[in-house]
Amino acid sequence: MFLITLLTSVNRYIAVKYPLLYEHYFSKSKTIVILLTFIILSTIVGLGNIFFNPEFIELDVFDHFVPYFKSKNVIYYQLFYQILLFGIISISTCTFNVMAILTLKKHNKTGNKYKKELYYIIYSIFIFITLFIVEAYFICKFISLKNKFKLFANISYFLHIVAFDLTTLGDFYFLIYSSSELRKALKTSFGCSEKIKNKVNIKIPYRK
């Protein structure tokens, strides 16, 4: 999630700031390499949790299972990738979004009109709020594990539900709302753009 949002923000910034170099930086081959790098990095981060004896426990507060680590040293590993690594990525994402917005405004002043400027600004704010909630979840989770505060544990569970729902459903519906091409493609795919009329001829035999 963090890497994809970073890639999206960099993609849009280059498209706005350096449109002539866009094909060079985001060619098909380079895009594949970037995505494979993201997959490998995410896999390495996930596999790192194996060394801390993970298991699932049932949580009585919300009546569902949550991951739990028997090793107490996992808190330092989570501090590294959840707060430091993801925090740096979040700050970089917001920075590129702000620079892209400022570039759009500058172009708009010189006479170029961007119809999707408002959508992009709203989406950038949405991404900022989402990443902020996710980072707040990581911080509350870190405090609850370190100091055994039940209040922070309950807050972290609540933020977990809100944050990751926003990053999945919220991001998906916002993309549909902001992209007319995507809405048109969905309507065409699901047959919503045209009324389908099926004529059914039924012959009922009549017996004398």
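Owing to the predicted nature of the structure, the values given are computational and were not obtained by experimental measurement.

Cut-offs used in this document
Residues numbered from 1 in each chain as written. Predicted model: local features only at pLDDT ≥ 70, side-chain atom pairs only at ≥ 80, totals over all residues. Heavy atoms only, no water. Helix = DSSP H or I, 4+ residues; strand = E, 2+ residues; numbered from the N terminus. Buried < 20%, exposed > 50% of the residue type's maximum accessible area, 1.4 Å probe, protein only. Contact = heavy atoms within 4.5 Å. Areas by Shrake-Rupley, 256 points an atom, 1.4 Å probe, with all protein chains shown as cover. pLDDT = per-residue confidence, 0-100. UniProt positions renumbered as here; feature names shortened; annotations may be inferred. Core = buried A, V, L, I, M, F, W, Y, C linked by side-chain atoms within 4.5 Å. Patch = residues over 30% accessible without salt bridge, like charges linked within 9 Å, V, L, I, M, F, W, Y side chains within 5 Å. Salt bridge = Lys/Arg side-chain N within 4 Å of Asp/Glu carboxyl O. Phe/Tyr/Trp six-rings, centres within 6.5 Å; stacked < 30°, edge-to-face > 60°.

**Q** I'd like to hear about the overall build of the chain, residue by residue, with values.
**A** Each helix and strand in the chain was counted, giving seven helices and two strands. Starting at the N terminus, the α and β elements of the chain follow one another as α-α-α-β-β-α-α-α-α. The burial tally for the chain puts 31% of its 208 residues in the buried class. A fraction of 59% describes how many contacts in the chain between residues 6 or more apart in sequence connect residues 24 or more apart. Accessible surface, the chain as shown: approximately 15,400 Å² in total, 67% of it carbon and sulfur.

**Q** How would you summarise the confidence of the model for the chain if you had to cite specific residues and measurements?
**A** The predicted model of the chain has a mean per-residue pLDDT of 75, with 78% of residues at 70 or higher. No element of the chain has a lower mean pLDDT than strand β2 (residues 64-69), which averages 71, and none a higher one than helix α3 (residues 28-47), which averages 88.

**Q** Give me the lowdown on the UniProt feature "transmembrane region" (unreviewed entry) in the chain, citing residues and values where you can.
**A** Mapped onto the present numbering, the UniProt feature "transmembrane region" (unreviewed entry) falls on residues 32-52, 75-98, 118-139 and 151-177. Note that residues 32-52 is 76% helix and 0% strand, and that its end C-alpha atoms are spaced 32 Å apart. This span, residues 75-98, is 100% helix and 0% strand, and a straight line between its end C-alpha atoms measures 32 Å.

**Q** Got a sec to walk through the nonpolar core? Specific residues and values, please.
**A** Core analysis: the biggest nonpolar cluster contains 29 residues, and Phe-2, Phe-86, Ile-89 and Phe-138 have the highest contact counts within it. Elements with a minimum of two residues in this core: α1 (2-17), α3, α4 (74-109), α5 (117-147) and α6 (150-178). It is α5 that contributes the most residues to this core, nine residues altogether. Ignoring anything within four residues of it in the chain, the contact list for Phe-86 reads Phe-2, Tyr-81, Glu-135 and Phe-138.

**Q** I'd like a rundown of a nonpolar patch on the surface, residues and numbers included.
**A** Where nonpolar side chains cluster on the molecular surface, the patch consists of Tyr-18, Leu-20, Leu-21 and Tyr-25 and spans about 450 Å² of accessible area. Positionally, Leu-21 belongs in the loop between α1 and α2 (22-25). Overall, Leu-21 belongs to the partly exposed group, its relative accessible area being 38%.

**Q** Quick rundown of the packing of aromatic side chains? Include the residues and the values.
**A** Evaluation of the coordinates by the stated rule reveals four aromatic pairs. With a centroid separation of 5.4 Å and an interplanar angle of 25 degrees, the aromatic rings of Tyr-22 and Phe-26 are classed as stacked. Judged by relative accessible area, which is 24%, Tyr-22 ranks as partly exposed. Residue classification places Phe-26 among the buried residues on the basis of a relative accessible area of 12%. Here a set of aromatic residues connected by ring pairs shows up, and it is made of Tyr-13, Tyr-18 and Phe-96.

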